[in-house]
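# Understanding the architecture of this molecule
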Amino acid sequence: MGRRLLNYQRLLGMVVTMLCLLGVAAYSTMPRQEDPSFPYRAGMITVSYPGASAEAVERLVLQPLTDELRQVEELDWSQSTARTGVALARLKLRDHIYDTDSAWDRVRQAMERARQDFPDDVGLMELDDRLIDIPAVVLAVGGSPSVTRLSEVAERLKQNLSDISGISRIELEGDADEQITLALDDAALYRLGVSPKRILETLARRNQTIPGGFVVVEGKRLSVLPNTEFTDIDAIRATPIELPDGSQVPLAAAAEVWRGPAEPRQPETWFNGERVVLLSIIMEEGSTDAIRFGERIRERLGQIRADFAPYDIQEMFFQPDKVSDRLDDLAWSLVLSVLIIVAVVFTGMGIRMGLLVASILPMVALISVGLYDLGGGVLHQIAVIGMVISLGILIDNAIVIVENIQGHLDEGMRRMDALRKAVGELAGPLGASTGTTLAAFAPLLMAKGGAADFTRGVPVMIMLTLSVSYLLAISAVPLLAARFLKPRRDAHEDRLIGLARYLGGLVYRYPGRIIVFGMVLVSISLGMTPFMAQQFFPNADRPRVIVEMYLPEGTDQSHTSEVAATLERAIRSRPEALEVHRFVGFTGPSFYYNLQRSPQAPNRARLVVRTPTLADTTGLVKWIRREVAQTMPELDISAGILGQGPPRSAPVEVRVFHPNDTIRALATEQVFAVLRGVEGTVDVRHDLDIGVPSISINVDDATAARYGLTRADVAQSLYGQSYGAVAERYRQEDDPIPIVLRSREGTSLSLSRLLSVNTYNDQGAAIPLSAVATVETTWEPAARNLRNGVRVNTVSANLEPGYSFSQALDGLYASLETNPLPEGVRLDMGGDAEGSDRANSALLTAAPIGMLLLLFFLLLQFNSFRRVGIILLTVPLATVGIFPGLVLSGSPFGFQSLLGVIALVGIVVNNAIVLLDVMDRELERGRAIADAVRTAVERRTRPILLTTATTVAGLLPLAFSSSTLWPPMAWAIISGLLASTVLTLLVIPSVCTRLIRLPVAEPENAPA
């Protein structure tokens, strides 16, 4: 290879230069976002069934729907809720599904099959398969007390922004749809002898869209436009209604007509106490630079803001700023890591060798970024972190090559001979060591699921940079080294050489004691695992407090709004509350990828509070919990900060199953009580339904038949009195407005008034409800919860800082051992426990492939099972540092720490490979195993210590960063690497003296 390199030096230089320029161009143009994008595996089905009870919705809608959904093989689970008048089903596809569009098409087919079994009066059924889309920008339109007017302004703003490059779609939230209400006067109808049915028929005949054709006059077509539609509200009021005697009266004589917000009350949004309408702008992910996208949005707003005066357009959430801040912070961490690594290399290798080794850093970084962009990569924090982790690892190959060439030069070898010999000696071992590191990250690359999708940028970037660094280490770096290095006159004065000889002497004299010492340390380290907390993903580092509010099922939105406003006023009195945003009737825009979108519900609200710093959130969360406990006992809250990783409802979630409602309720109460008593749990709540009072109208069929009525006539009359019936649509606006026929009071109809309403038969005669029906009050469920079609109740809890889900569940299990649940009750864990199990299972599923690749590269290099076994001993040796390091640093063991362990496996295996490679070459020269081992330790101590130092140095900025996501991973690598490096230099050679005597034997040429 050395001769070929000499023949193509100019071509190699040009290729490396062009690839570096490609990286420069890619970095300036590639898409940027804060976090990776997830496949669309989450969806929500909403089915409208007006007037039906929760029990009827479950039996008539959810059960047929669930039966059909079970036949969709791509579906992992469904979580359904039946409420009065609506069915909601949250769906999750299996983790291995990446072609989500075809999977959702199968779900839609199942929905259509289920519709065949629905009652005829079931309304609209919709599937939202873009549930995880998060808006890049959320704008608030305010400046008017009229929500209707704000909705019009927001719609106009949407039209002004829709053509900006990179926009996927814009959604309005908190806007108010309109309706034209025909409030019937029951007394006037009775006096005039007119039934609601007569009014409905009259409106339908009057409001038709019938073309009049055209006529040709002097060669030109003139359209004929007959006056067949309502053109204004006065035209509706003036609609003539025929009376039984043939005379006519205007509709205004029997009904009051007005235009206003749609009923029932729609979700509401508030910006710092001001009623606003929101524009959620969703960006095309994977192809759009979020930072430039934000600049385009602000530029357009600057151009049009004056046209929208006096209305205010404010930024509620602006993700591009967060992307810029996050990537800038990581870029500085990257630069700081490079500077620390360069300083370490200069200190350990001198200026000349250090400069050569450091030169590989910018080359690898730029080439890797260029190739990453060519492969469709997006620059986000996970990809940058992968590059930061790889900095210390990728320099290893260059250190070993440069050290080897310098050693040959010190021995008096000529430059080109030193280059050829070094590349010939190390191309194989370095290829094997690089291959083993790639194999260690292969399971992360091939794992499926939310956690793997979130962190996949780490293995992609590490594998890419390591491959590039290996190619440069055996090509460009040797050429530079052969050209610029000189023999050292004072090589024997190097202090690291003295340390190497000391370690080699220890291995030579005390191999048995060293092995025993290593075993003791591994045992002590494993004994510290019970003291290590478990955590799936840490919380985010954004200074925002999220307060989820739950009032009892059946609560009207007007009351929910009053309670939320009261709590908001209390929070705004706190000095650490800079901004408070209130969302009532729904949970607001999912401005952060980890926030779960929940369906509309009149008993739900969310407050989002911005604080000056992350530290301020802790005290504010505690104060909010105390305030709610003291002043709002009916309110359940879940207060905390934003999370990281795949979305989940709460860190601790326990699902309780049993077919008997009473037994399941008792078990749920028991789990709830236990979790409330476990140290570290807060905001413990359950979804048990206390039920709501209802009015049962019992129609006497015989009496109703005498009046010419049926049960359906009575039900339609009651529904029309309260909720209203859509009579027609007013089509003079951009969107048709429903014309709703109902009583004057609508849903505010008093109970006495409801019981005195009239019901009309086909002849239009008015019959009092009391003449055909009796009334009784009953208690019925407000909501029914199902998982995969089976009834379930859920207990959830948040955690105090410093506590983990494993500690909470341990406390639960310990209590249930002494006080078990009723017979037949089954518990299923959700939250972080489920996420952690799924992530670990996905890794274990892909682990055999990684192990096979690891063994392949090791056997390819050494052709010896014994040597492979010795090299793999470095993995348990790494635990000597991992567990104590996590415990002492206060870092929990979670998915991020597991990433660090995987990276560590590749590094420590590399150290053992280069060590055994020297030992085998010495054995081939006929030296005894003890002498060969001592020589290997003496020759490889410097590069191994330098690679350890550079890796640790490169990770220090992450370990001490303010981010909550990466310190656990950094400390796992740093502590494990520090311990394993020393033990690799001592224990591995000591084991070799006991298990290896001769070089690898050639295959015996036995007779056939």
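Every value quoted in this text rests on a predicted model; they were computed, and no experiment measured them.

What follows covers the overall build of the protein. Summing up its helical and strand segments, the protein has 31 helices and 30 strands in all. Seen through its principal axes, the protein has C-alpha atoms that stretch 125 × 85 × 70 Å. Evaluated residue by residue, the protein yields a buried proportion of 55% over its 1008 residues. Sequence separation of 24 or more characterises 80% of the internal contacts of the protein that already satisfy a separation of 6 or more. Summed over all atoms, the accessible surface of the protein reaches about 43,800 Å², with 55% contributed by carbon and sulfur. Counting 94 positive and 111 negative side-chain charges, the protein places the averaged centre of each group 9 Å from the other.

This part is about the nonpolar core. Of all hydrophobic cores here, the largest spans 194 residues; its most connected members are L157, L161, I389 and M919. Excluding residues within four positions of it along the chain, L157 makes contact with L139, V141, L279, L301, I304, F308 and I313. V57, A82, L93 and A114 belong to the second-largest nonpolar core, a separate cluster that totals 29 residues.

With the rule as written, the count across this model stands at eight aromatic pairs. Relative to F857, the ring of F856 lies with its centre 5.4 Å away and its plane at 75°, an arrangement referred to as edge-to-face. In this structure F857 comes out as partly exposed when scored by relative accessible area, which is 22%. An aromatic cluster is present here, built from F38, F454, Y592 and Y593 joined pairwise through their rings. Positioned above the aromatic ring of W270 is the side chain of R582, whose terminal nitrogen or guanidinium carbon lies 4.1 Å from the ring centre. Between R787 and the ring centre of W77, over which it is positioned, the NZ or CZ distance is 4.5 Å.

Before going further, it helps to examine the pattern of salt bridges. Using the criterion set out here, one finds 53 salt bridges in the structure. With its nearest N and O atoms 2.9 Å apart, the salt bridge here joins R259 to E178. Taken together, the positions of R259 in strand β12 (residues 255–261) and E178 in strand β7 (residues 178–184) put the pair 81 residues apart, joining distant regions of the chain. When its relative accessible area of 32% is taken as the criterion, R259 is described as partly exposed. Judged by relative accessible area, E178 falls into the buried class, the value being 18%.

Across its 17 residues, helix α15 (residues 457–473) extends 24 Å between first and last C-alpha, which sits within 8% of the 24 Å expected from 1.5 Å per residue. A large share of α15 lies buried, amounting to 14 of its 17 residues.

The next subject is the sheet that holds β12. On the basis of which strands lie adjacent, the open sheet formed by four strands has the order β12-β7-β24-β23 and mixed pairing. With partners counted over all chains shown, the strands left at the sheet margins are β12 and β23 (725–730), one partner each. Taking the axes of each pair of neighbouring strands and ignoring which way they run, one obtains an average angle of 25° across the sheet. With five bridges connecting them, β23 and strand β24 (residues 737–743) associate as antiparallel partners. By the bridge assignment for β24, E728 is matched with I739. Packing against the sheet, helix α23 (residues 711–722) makes contact with β23 and β24, and its axis sits at approximately 110° to β24.

We now examine the pairing of strand β21 (residues 681–686). Among the six residues of β21, six are classified as buried, and the element is accordingly described as predominantly covered. Bridge analysis of β21 against strand β29 (residues 790–799) gives four bridges, and the strand direction is antiparallel. When the sheet's bridge partners are listed, V682 is paired in β29 with N798.

This next bit is on the side chain of N798. Tracing the sequence through the fold places N798 in strand β29. Within the structure, the side chain of N798 is placed 3.4 Å from the backbone oxygen of A639, a separation counted as a polar contact. Setting aside chain neighbours within four positions, we find N798 in contact with R625, S638, A639, A650, P651, G680, T681, V682 and D683.

We now examine the packing of helix α12 (residues 381–410) against helix α30 (residues 929–959). At their nearest, the axes of α12 and α30 sit 9 Å apart, and the two run at 160° to each other. If you check the angle between α12 and α30, you find them roughly antiparallel. Judged by the sense of rotation from one axis to the other, the crossing of α12 with α30 is right-handed. Contacts from I385, V388, I389, G392, I393, I395, D396, I399, V400, E403 and N404 in α12 reach R939, R940, R942, P943, L946, T947, T950, T951, G954, L955 and L958 in α30. Residue classes in the contact of α12 with α30 are distributed as eleven nonpolar, six polar and five charged.

Parts of the model with low pLDDT should not have their predicted coordinates read in detail. Taken over all residues, the pLDDT of the protein has a mean of 85, while the share at 70 or more is 96%. For the protein, helix α1 (residues 2–7) is the element with the lowest average pLDDT, namely 58, and strand β5 (residues 137–142) is the one with the highest, namely 95.

The rules we used
One numbering rule holds for all chains: residues counted from 1, following each sequence as written. The predicted nature of this model means local features are confined to residues of pLDDT at least 70 and side-chain atom pairs, given and counted, to a pLDDT of 80 or more, with totals for whole chains, interfaces and linings taken over all residues. Each side-chain value is derived from all of the structure's non-hydrogen atoms; neither hydrogens nor water enter the calculation. Each helix is a run of H or I in the DSSP string that is no shorter than four residues. Each strand is a run of E no shorter than two, and both are numbered from the N terminus. The rule is simple: take the accessible area with a 1.4 Å probe, protein chains only, and divide by the maximum for that residue type; under 20% is buried, over 50% is exposed, in between is partly exposed. The criterion used for residue contact is that any of the two residues' heavy atoms lie within 4.5 Å. Areas reported here follow the Shrake-Rupley algorithm with a probe of radius 1.4 Å; residue values treat only the protein chains shown as occluding. In this tally Asp and Glu are treated as negative and Lys and Arg as positive; neither His nor the chain ends contributes. Each charge is placed at NZ for Lys, CZ for Arg, CG for Asp and CD for Glu. Remark: nonpolar core denotes a set of buried residues (Ala, Val, Leu, Ile, Met, Phe, Trp, Tyr, Cys) joined through side-chain atoms within 4.5 Å. Stacked, edge-to-face and tilted are the three classes for Phe, Tyr and Trp ring pairs, Trp counted by its six-membered ring, which pair at centre distances within 6.5 Å; planes under 30 degrees apart are stacked, over 60 edge-to-face, the rest tilted. Look at NZ for Lys and CZ for Arg. If either is within 6 Å of the ring centre and within 35 degrees of the ring normal, a charge sits over the ring. Salt bridge, as used here, is a side-chain nitrogen of Lys or Arg placed within 4 Å of a carboxyl oxygen of Asp or Glu. One fewer than the residue count of a helix, multiplied by 1.5 Å, yields its expected span. Here the rule is simple: two strands pair whenever DSSP picks up at least two bridges between them. Helix axes are fitted only over the stretch in contact, all axes being lines through C-alpha atoms; the angle between N-to-C directions runs from 0 to 180 degrees. We define a polar contact as two N or O atoms separated by no more than 3.5 Å, with the added condition that, inside protein, one atom must be a possible hydrogen donor and the other a possible acceptor, whereas residues neighbouring each other in sequence contribute only through side-chain atom pairs. Should an angle fall under 35 degrees it is called roughly parallel, over 145 degrees roughly antiparallel, and 65 to 115 degrees roughly perpendicular, with every other angle called oblique. Left-handed is the label given to a crossing in which the near helix is rotated counterclockwise from the far helix by less than a right angle, and right-handed is the label when the rotation is clockwise. Classification convention: Asp, Glu, Lys, Arg as charged; Ala, Val, Leu, Ile, Met, Phe, Trp, Tyr, Cys, Pro as nonpolar; all other residues, Gly among them, as polar. Each residue gets a pLDDT score, which is the predictor's confidence in that residue and runs from 0 to 100.

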